[in-house]
Amino acid sequence: MKKYFQILAVSVFMLSSFVSCKDESKFEKIIHKHDFPKLSPNSENLNISVLLDLSDRIDPKKFPSLAMEFYQRDVGYLKSIAENFESHIMNKKMIKIDDKIQAFIDPEPSDKTLNDKLNTLKISFDKSNAAKEGILMTCTKYDSISKRIYEVAIEDNNYVGSDTWRFFKNKVNGYCIEDGYRNILIVLTDGYIYHKNTRIKEGNRTTYLTPQDIRNFGLNKSAWREKFKAKDFGFVSIDNDLSNLEVLVLGINPDDKNPYEEDVINAYWSKWLAEMNVKNFKIKQADLPSHMDKIIKRFILKQ
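Here we summarise the structure given alongside this text. Computed from a predicted structure; not experimentally measured. Along each chain, numbering runs from 1 in the same order as the chain's sequence is written. Where local features are concerned, this predicted model is filtered to residues with pLDDT of at least 70; where side-chain atom pairs are given and counted, the filter is 80 or more; whole-chain, interface and lining totals use all residues. Side-chain figures throughout are based on the complete set of non-hydrogen atoms in the structure, without hydrogens or water.

**Focus on the overall build of the protein chain**
Along its length, the protein chain carries twelve helices and eleven strands. With a 1.4 Å probe rolled over the protein chains alone, any residue whose accessible area is under 20% of its type maximum counts as buried; one over 50% counts as exposed, and the rest are partly exposed. Expressed as a percentage of its 303 residues, the buried residues of the protein chain come to 49%. Carbon and sulfur atoms make up 51% of the accessible area of the protein chain, which amounts to about 15,300 Å² in all. Helix and strand definitions follow DSSP, with helices as H or I runs of at least four residues and strands as E runs of at least two, each counted in order from the N terminus. In this description, accessible areas are obtained by the Shrake-Rupley approach with a 1.4 Å probe, and a residue is regarded as covered only by the protein chains that are shown.

Here you go:
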């Protein structure tokens, strides 16, 4: 019997080395990494990019949420993204590991410390550095560092908007797409787009979208869809072929004064991404991280 308990103790110790950064009981932590989703032996190399919208949508005073503040939801999404990135790598043979994850803010913050934190979130693994301990630090970094990035932005209280349209126009091809990878861009946003330096209007196409714009365009009535199609509303088209990019948009938070707001936001994003030849994209409304985890897992791991 003593020998049995010695063997059991060793087994538990070995399993405990697979601990993730999930907030679970000690026993659940031991089991968690032992229960990675099984991927095919020829699973792709992942190149994951995350675009953070640090506009006033994250301001807990302007947009309070009793269930969970929106910046805290973003941090939870980032943690889930990192966990699934870890999971993907841990199921690959060492020789096949060649995977990357990174985060962006646009425009780039003037605060050097924030830029340093973003650089820390630029992580890559291949057969030369794919030590288990390093891989399992990815989630810890994304959890703690992203939390600090959001806290600094809120403390600064200088929300200039997120230049999402220009990021897609000028940076996505160069920063987020590489040959030989499954390229994934995850955008954390409320769905609205605004930056003071990027206000272009061509007919009924714009580089921006706010609740006031939707009201001014008359897209807050039941016939909004017919008007949207007939008068060609949408974001200004970008002449980019993003057929080698998959996009997951998380955190849509429509103005509740318009019952059609979420549908309008989805229509803008869907039309825009389709015009850029994005073949696989999903747009999801803001929810608690525990609920969103399944969406993220299915998208990244194709489950």
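**A few points about the environment of Asn-220**
Assignment of secondary structure puts Asn-220 in the loop between helix H9 (211-216) and helix H10 (224-230). Along the sequence, Asn-220 and Pro-259 sit 39 residues apart, while their C-alpha atoms lie 7.5 Å from each other. The contact definition used throughout considers only heavy atoms, calling two residues in contact when any of these lie within 4.5 Å. Apart from the residues within four sequence positions on either side, Asn-220 is in contact with Ile-214, Arg-215, Asn-258 and Tyr-260.

**Considering unusual backbone geometry**
Omega for the bond connecting Asp-106 with Pro-107 falls within 30 degrees of zero, at 5 degrees, which places this linkage in the cis form. Here the phi dihedral of Asn-157 falls at roughly 55 degrees; this positive angle occurs in a residue that is not glycine. Unlike most non-glycine residues, Asp-232 shows phi in positive territory, near 55 degrees. Mapping Asp-232 onto the fold places it in the loop between H10 and strand E9 (234-235).

**Side note on the sheet that holds strand E8 (residues 205-206)**
Strand order in the open sheet formed by three strands is E7-E8-E9, and the pairing between neighbours is mixed. Whereas interior strands pair on both sides, the edge strands pair on one side only; in this sheet they are strand E7 (201-202) and E9. Pairing of E7 with E8 involves two bridges; the strand directions are antiparallel. The residue of E8 that forms the bridge with Lys-201 is Thr-206. Paired strands are those between which DSSP finds at least two bridges.

**A word on the environment of Gln-285**
Note on placement: Gln-285 falls in strand E11 (residues 280-285). Residues Gln-285 and Ile-252, spaced 33 residues apart in sequence, show a C-alpha to C-alpha distance of 4.1 Å.

**Some words on the nonpolar core**
For the purposes of this section, nonpolar cores are sets of buried Ala, Val, Leu, Ile, Met, Phe, Trp, Tyr and Cys residues that join through side-chain atoms within 4.5 Å. Judged by nonpolar contacts, the single largest core of 47 residues is most densely connected at Ile-48, Tyr-150, Ile-186 and Leu-188. Ranked by the residues each element gives to this core, the list is headed by helix H3 (residues 70-90), at ten residues. Those residues within four positions of Leu-188 in sequence are excluded, and the remaining contacts are Val-50, Leu-51, Leu-52, Asp-53, Arg-57, Asp-74, Tyr-77, Leu-78, Tyr-150 and Leu-250. Formed by 37 residues, the second largest nonpolar core is a distinct cluster that contains Ile-177, Phe-233, Leu-242 and Trp-269.

**Comments concerning the packing of helix H4 (residues 112-120) against helix H6 (residues 138-156)**
Fitted lines through C-alpha atoms serve as axes, helices being fitted only where they are in contact, and the angles separating the N-to-C directions of these axes extend from 0 to 180 degrees. Their axes nearest at 10 Å, the elements H4 and H6 cross at an angle of 160 degrees. Put simply, H4 runs roughly antiparallel to H6. Handedness of the H4/H6 crossing: left-handed. Taking contact as the criterion, the partners of Leu-114, Lys-117, Leu-118 and Thr-120 in H4 are, on H6, Lys-141, Ile-145, Arg-148, Ile-149 and Val-152. An angle counts as roughly parallel when it lies under 35 degrees, as roughly antiparallel when it exceeds 145, as roughly perpendicular when it falls between 65 and 115, and as oblique in every other case. What makes a crossing left-handed is the near helix being turned counterclockwise from the far one by less than a right angle; a clockwise turn instead makes it right-handed.

**Details of the sheet that holds strand E1 (residues 46-52)**
An order of E3-E2-E1-E5-E10-E11 is seen for the six strands of this open sheet, with the pairing classed as mixed. Strand pairing shows two members of the sheet lacking a second neighbour, strand E3 (123-126) and E11, which therefore form its edges. For this sheet, the mean angle separating the axes of adjacent strands, direction not counted, is 10 degrees. Bridging between strand E2 (residues 98-105) and E3 involves four bridges; their strand directions are antiparallel. Within E3, the position partnered with Asp-99 by the bridge is Phe-125. Packing of H6 onto the sheet brings it into contact with E1, E2, E3 and strand E5 (182-188), and relative to E2 it is tilted by some 5 degrees. Along the sheet, helix H12 (residues 289-301) contacts E1, E5, strand E10 (245-252) and E11; its crossing angle with E10, the most-contacted strand, is approximately 175 degrees.

**A closer look at the side chain of Asn-183**
One can find Asn-183 in strand E5. Contacts described as polar in this section are N or O atom pairs within 3.5 Å, which, within protein, must combine one atom able to donate a hydrogen with one able to accept it, while residues neighboring in sequence count only if both atoms come from side chains. A polar atom in the side chain of Asn-183 sits 3.5 Å from the backbone oxygen of Tyr-181. Looking at Asn-183, its side chain comes within polar contact range of the main-chain oxygen of Asn-244, at 3.2 Å. Residues in contact with Asn-183, not counting those within four places in the same chain, are Asn-47, Cys-176, Ile-177, Glu-178, Asn-244, Leu-245 and Glu-246.

**Things to note about the packing of H3 against H6**
Running from N to C, H3 and H6 point in directions that differ by 160 degrees, and their axes come no closer than 8 Å. Relative to H6, the element H3 is oriented roughly antiparallel. The handedness of the crossing between H3 and H6 is right-handed. Contacts between H3 and H6 pair Tyr-71, Asp-74, Val-75, Leu-78, Lys-79, Ala-82, Glu-83, Phe-85 and Glu-86 from the former with Thr-138, Cys-139, Tyr-142, Asp-143, Ser-146, Lys-147, Tyr-150 and Ile-154 from the latter. Any residue outside Ala, Val, Leu, Ile, Met, Phe, Trp, Tyr, Cys, Pro, Asp, Glu, Lys and Arg is labelled polar, Gly included; the first ten of those are nonpolar and the last four are charged. A per-class count over the contact of H3 with H6 returns nine nonpolar, two polar and six charged.

**A short note on the side chain of Glu-261**
In this fold, Glu-261 is placed in helix H11 (residues 261-275). A distance of 2.7 Å separates a polar atom in the side chain of Glu-261 from a polar atom in the side chain of Tyr-192. Sequence-distant contacts of Glu-261, that is, excluding residues within four places in its chain, are made with Tyr-192, Pro-211, Ile-214, Pro-254 and Asp-255.

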